[in-house]
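# Summary of the model geometry
If you want the building blocks of each chain, they are given just below.
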Amino acid sequence: MPANEKPVNITSYLQEERVFPPPKDFSKRSHIKSLAHYRKLYNDSIRSPEAFWGRQAKNELVWFKPWKKVLQWKEPFAKWFVGGKLNVAYNCLDRHLNTPTANKAALIWEGEPATPGKPGEERTITYKQLHREVCQFANVLKRNGLKRGDRALIYLPMVPEAAVAMLACARIGAVHSVVFGGFSAQSVADRIHDSQARLVITADGGFRRGAVVPLKKNVDEALTLNDERGNLLAKTIEKVIVLRRACNEVHIEAGRDVWWHRELDRVDAHCPAEKMDSEAPLFILYTSGSTGKPKGILHTTGGYLVHVKLSTRYVFDLQETDLFWCTADIGWVTGHSYVVYGPLANGATSLMYEGAPNFPEPDRFWRIVEKYGVTILYTAPTAIRAFMKWGVEWPKKHDLSSLRLLGTVGEPINPEAWIWYHETIGGKRCPIVDTWWQTETGGIMITPLPGATPTKPGTATLPFFGVLPEVVDDKGNPVPRGSGGKLVIRKPWPSMLRGLWGDRKRYQEAYWSEVKGSYFTGDGCRQDKDGYFWIVGRIDDVLNVAGHRIGTAEVESALVSNHKVAEAAVVGRPDELKGQALVAFVTLKGGVKADQSVRDELRNHVAKEIGPVAKPDDIRFAEALPKTRSGKIMRRLLKQIAAGTEIKGDTTTLEDFNVLARLSSSEE
Ligand code: PRX
């Protein structure tokens, strides 16, 4: 390890005692100025949720038609603002047009430098300009046959057109499903098949660390893939709209593929926003679950927008002069809610950056903060740990004094990283909001309010308005403060998922059967004496790798789809940078020799099946996997082996002790 790299400890936060009260001058100028004020509003929101949310929805959003009922709840199905009509794009754009916000920057975009040493491209798009671009592109979508209720798959790099595409879908009432640009052709095909999308919006390529990611080529491949019965997965696709970005060579299939810029010449900029039902689907976003294929999380219109608008304002204490930078990719829920919909609904300026944090050099983020005068930075603990490792000299090269608030999301933040973020990036003056939420929750659920809540490194602290979390035991009873348990949410909230696309049963089973009458988050948690929630990670078979949820079952099924693999089990081990790393235990078919080339082949195979994010960090070969008498793989043991810890616990039910010994003693 080079001298400037500090070891990062990720496990010691349970003993954390330090408390950081909100800075006085920050509180004075913030929307919620004290803990007492927060508690009063929170208690009101829990005592009479319908009155609270009804008031918020009326004040925050423009409705074409008012709702008849705030909430209709038939567990586990919620409807919010029943009978109300509105449009998300209208609320993010049109409503600002006759206000001083019209000519304010909606998006500031920094592109990745195509060549090291050269500055990245930049674009500033005002609300008026964005409105025009969205209307034009909405007309392009219509011209290409996309209608209200149809699904469109978006597979784009982090360019402003990604936001344009999302908003254009929302404008015409189509449902978008964004697929992260790091996912493979197979993932694209699976998502098209599940959502039955009619149209794909993609780019020739995107830039990543100077290389070109061949997005269009992946789409071409996705459109040829079959399921195991030989049926074409993406047969619903009629059109592919291609943005020119990387200028790499691509194939254009006549009759199917059209260029974004050519289509623009054929439309005008007049496109009225569709009047959508409050419960009309807005987007589907696929995420990993503990079993099988990814789940299509469904979010709808009115409730989602109220929650993300309100949470953006209060959690980030948004002020008129802020420049808000959420570093998440548009392919994840954080990008949906806090790059696009939340900031734009508030008339804020949202910064988008196309590339990697260390390209061309590890100071890229700090260069951007200084260049534009970013005031609020929202990023992930895994990125913060990487910055720590790269050394303080990189942030120290830049003037970060414009920053006034910092945020984190995606996984528990270890106190060392929290303190580093606070001191090195925040100059000890910026509060940190550690925000807990999920793809399913749509918006932030547990979080400090920066002017009100004293923070402690490692905890997301207290619930947001209208959110009633509890830590319970296996029977669903609340556990005493200080004890660990399952984190559940007791009451419906406006931005909750409405279901899994096309699978009512799985929705019920995955979220509403574990603890009766409550939404089960899949996370373990404890509450301290002050009622603060400390998330301790997932308790199902989902790993959090560099802030991304990856289902172990998904990686296992990718591995066994390779003809050399007989059986595979995937577990997590603690990792300094990523939080967790993926370790695969693989039994090869008879006659296949275990060696480095098979290991490489399998890692690439997983990248092809799912995407590079899911590549196992280690692959360990075994003659057989340790199993109980009933044939269950003993994951607890595999985790211990993967972590390199001593094997503990009862192993008497193991079928073959030799297997264990072999696994723990050698790599091959
Ligand atoms: O385990 C929790 C962790 O990330 C999971 C949700 O992942 P995903 O749906 O991909 O959404 C990530 C961005 C919202 C949660 O179940 N998680 C998220 N935020 C935190 C967290 N764990 C601890 N602290 C957080 N602030």
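One structure accompanies this document, and this report is about it. In this text, all values refer to a predicted model and were calculated from it rather than measured experimentally.

So, how was this worked out
Residues numbered from 1 in each chain as written. Predicted model: local features only at pLDDT ≥ 70, side-chain atom pairs only at ≥ 80, totals over all residues. Heavy atoms only, no water. Axes fitted to C-alpha atoms, helices over the stretch in contact; angles between N-to-C directions. Helix = DSSP H or I, 4+ residues; strand = E, 2+ residues; numbered from the N terminus. Parallel < 35°, antiparallel > 145°, perpendicular 65-115°, else oblique. Left-handed = near helix turned anticlockwise from the far one by under 90°. Contact = heavy atoms within 4.5 Å. Nonpolar A, V, L, I, M, F, W, Y, C, P; charged D, E, K, R; others polar. Near = heavy atom within 4 Å. Polar contact = N/O pair within 3.5 Å; in protein donor to acceptor, adjacent residues only side chain to side chain. Areas by Shrake-Rupley, 256 points an atom, 1.4 Å probe, with all protein chains shown as cover. Buried < 20%, exposed > 50% of the residue type's maximum accessible area, 1.4 Å probe, protein only. Pairing = 2+ DSSP bridges. Salt bridge = Lys/Arg side-chain N within 4 Å of Asp/Glu carboxyl O. Phe/Tyr/Trp six-rings, centres within 6.5 Å; stacked < 30°, edge-to-face > 60°. Lys NZ or Arg CZ within 6 Å of the ring centre and 35° of its normal. Expected span 1.5 Å × (residues − 1).

Moving on to the packing of helix α5 (residues 127–143) against helix α6 (residues 160–172). The N-to-C vectors of α5 and α6 enclose an angle of 65 degrees; their axes lie 8 Å apart at closest approach. Here α6 runs roughly perpendicular to α5, going by the angle between their axes. In this structure, the crossing between α5 and α6 has a hand that is right-handed. In this structure, α5 contributes L130, H131, E133, V134, C135, F137, A138, L141 and K142 to the contact, and α6 contributes V164, A165, L167, A168, C169, R171 and I172. Of the residues belonging to the contact of α5 with α6, the class tally is 12 nonpolar, one polar and three charged.

Around the ligand sit 17 residues in total, of which D434, T435, T439, R538 and R549 are the nearest. Between a nitrogen atom of the ligand and a main-chain N or O atom of G410, the distance comes to 3.1 Å. Contact between the ligand and Q438: an oxygen atom at 2.9 Å from a side-chain N or O atom of the residue. Look at the ligand: alone it shows 540 Å² of surface, and the protein chains cover 95% of it. Looking at the shell around the ligand, the elements that each hand over two or more residues are α11 (333–345), β20 (432–435) and β25 (533–538). When the residues that make up the shell around the ligand are grouped by side-chain class, the tally is six nonpolar, six polar and five charged.

Attention now moves to the pairing of strand β24 (residues 519–527). Of all the nine residues making up β24, nine are buried; the element is thus mostly covered by neighbouring parts of the structure. Bridge count between strand β22 (residues 484–489) and β24: five bridges; the pairing is antiparallel. Across the sheet, I489 pairs through a bridge with Y519, a residue of β24. Bridge analysis of β24 against β25 gives five bridges, and the strand direction is antiparallel. Following the sheet pairing, Q527 is matched in β25 by F533. Here β24 folds back onto β25, and the loop between the two strands holds five residues, one of which, G531, carries a positive phi near 85 degrees.

What follows is about the pattern of salt bridges. The tally for this structure, following the rule as stated, stands at 46 salt bridges. With its nearest N and O atoms 2.8 Å apart, the salt bridge here joins K104 to E320. Pair noted here: K104 is in the loop between α4 (88–92) and β4 (105–110) and E320 is in the loop between α10 (302–315) and β16 (323–326), with a separation of 216 residues, a long-range link. The exposure class assigned to K104 is buried, which follows from its relative accessible area of 15%. According to the relative accessible area criterion, E320 is exposed, its value standing at 54%. Across the salt bridge formed by R198 and E238, the nearest N and O atoms sit 3.2 Å from each other. Of this pair, R198 sits in the loop between α7 (185–195) and β8 (199–203) while E238 sits in the loop between α8 (215–222) and β11 (239–243), placing them 40 residues apart in sequence. With a relative accessible area of 39%, E238 lands in the partly exposed category. Taken together, the shared-partner salt bridges connect E110, E122, R364 and K371 into one network.

A few words now on the packing of aromatic side chains. Under the criterion given, the structure shown has 36 aromatic pairs. Ring centres 5.8 Å apart and planes at 75 degrees place the aromatic pair F183 and W332 in the edge-to-face group. Taken as a pair, F183 in the loop between β7 (175–178) and α7 and W332 in the loop between β16 and α11 lie far apart in primary sequence, 149 residues in all. In this structure F183 comes out as buried when scored by relative accessible area, which is 11%. Aromatic side chains Y507 and Y511 sit 6.0 Å apart centroid to centroid with 50 degrees between the ring planes, which places their arrangement in the tilted category. Taken together, the residues span about one helical turn, with Y507 and Y511 both in helix α16 (residues 504–512) at a distance of four residues. On the basis of relative accessible area, Y507 is assigned to the buried category, the value being 0%. One aromatic cluster is present, formed by Y38, Y42, F52, W53, Y314, F464 and F465 through successive ring pairs. The lysine or arginine in question, K275, covers the ring of F64, its NZ or CZ lying 5.1 Å from the ring centre. Over the face of the ring belonging to F520 we find K486, whose NZ or CZ atom lies 5.8 Å from the ring centre.

Moving on to helix α3 (residues 49–60). The first and last C-alpha atoms of α3 sit 16 Å apart over 12 residues, in line with the 16 Å expected at 1.5 Å per residue. In this fold, the buried residues of α3 make contact with α2 (35–47), β1 (69–74), β2 (77–82) and α10.

With respect to topology, four strands assemble into an open sheet ordered β21-β22-β24-β25, the strand pairing being antiparallel. The two strands at the open ends of the sheet, each matched to only one other strand, are β21 (469–472) and β25. The mean angle between the axes of side-by-side strands here comes to 45 degrees, regardless of whether they run parallel or antiparallel.

Looking now at unusual backbone geometry. Note the cis peptide between E75 and P76, where omega equals 0 degrees. Following the sequence through the fold, P76 ends up in the loop between β1 and β2. Look at the link from F359 to P360: it is a cis peptide, with omega at 0 degrees. Along the chain, P360 falls in the loop between β17 (349–353) and α12 (364–372). Phi is positive for D317, close to 45 degrees, though the residue is something other than glycine. Structurally, D317 is set in the loop between α10 and β16. Assessed through its relative accessible area of 2%, D317 is described here as buried. Despite not being glycine, T461 shows a phi value in the positive range, around 65 degrees. As for its placement among the helices and strands, T461 is situated in the loop between β20 and β21.

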